[in-house]
Amino acid sequence: LHCRDTLSLHDALPILFMNSAVIRQADIINLIVTGVLKSGNYIAGTQGIRIDFVSGNFEINGSSGGGRQTINNAGGKVYDAGGVKRYQWGDLSV
């Protein structure tokens, strides 16, 4: 574990930087994510959940290939287990 203490400009409390960590449970009051958050079982278009905080894209997949949803600033799409789009809302030209 490589750590470095610095001072935050916001609250003058120490900040801990880590390359990786395993945390079983955490209570977080405020969280700022500047990249991607995804479930451990995420496979694009197949299973798991992925939230891209930069692009605003949100993907929800069934855990056993039971369909999926994608949501972004243009609207959303729902696909069945065979990958066929069954429902779309928002900008229908996309």
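Throughout what follows, the structure given in this document is the object of discussion. (Residues numbered from 1 in each chain as written. Predicted model: local features only at pLDDT ≥ 70, side-chain atom pairs only at ≥ 80, totals over all residues. Heavy atoms only, no water.)

1. Some words on the packing of aromatic side chains
Working step 1: According to the stated counting rule, one finds one aromatic pair in the structure shown.
Working step 2: Look at Y87 and W89: their rings are 5.7 Å apart centre to centre, the planes differ by 35°, and that puts the pair in the tilted class.
Working step 3: Over the aromatic face of Y79 sits the side chain of R68, whose NZ or CZ is 4.0 Å from the ring centroid. (Phe/Tyr/Trp six-rings, centres within 6.5 Å; stacked < 30°, edge-to-face > 60°. Lys NZ or Arg CZ within 6 Å of the ring centre and 35° of its normal.)

2. Structural notes on the sheet that holds strand β4 (residues 48-52)
Working step 1: Read across the open sheet, the six strands follow the order β3-β4-β5-β6-β7-β8; overall the sheet is antiparallel. Of all the strands in the sheet, just β3 (36-38) and β8 (85-90) have a single pairing partner and so form its edges. Neighbouring strand axes in the sheet, compared pairwise and without regard to direction, differ in orientation by 10° on average.
Working step 2: Summarising the sheet, β4 and strand β5 (residues 58-61) pair through four bridges and their orientation is antiparallel. Directly across from G48, in β5, lies its bridge partner N61. (Pairing = 2+ DSSP bridges. Helix = DSSP H or I, 4+ residues; strand = E, 2+ residues; numbered from the N terminus. Axes fitted to C-alpha atoms, helices over the stretch in contact; angles between N-to-C directions.)

3. Regarding the environment of S55
Working step 1: By secondary structure assignment, the location of S55 is in the loop between β4 and β5.
Working step 2: Take S55: its relative accessible area is 37%, and that puts it in the partly exposed class.
Working step 3: Spatially, the C-alpha atoms of S55 and N73 are 8.8 Å apart, while their sequence positions differ by 18 residues.
Working step 4: At 3.0 Å, the side chain of S55 and the side chain of N57 are in polar contact. (Buried < 20%, exposed > 50% of the residue type's maximum accessible area, 1.4 Å probe, protein only. Polar contact = N/O pair within 3.5 Å; in protein donor to acceptor, adjacent residues only side chain to side chain.)

4. Quick notes on the pairing of strand β6 (residues 68-72)
Working step 1: Here β5 runs beside β6; their pairing, made up of four bridges, is antiparallel. By the bridge assignment, I60 is partnered in β6 with Q69.
Working step 2: For β6 and strand β7 (residues 75-79), the ladder comprises five bridges, and the chain directions are antiparallel. What sits directly across from Q69, in β7, is V78.

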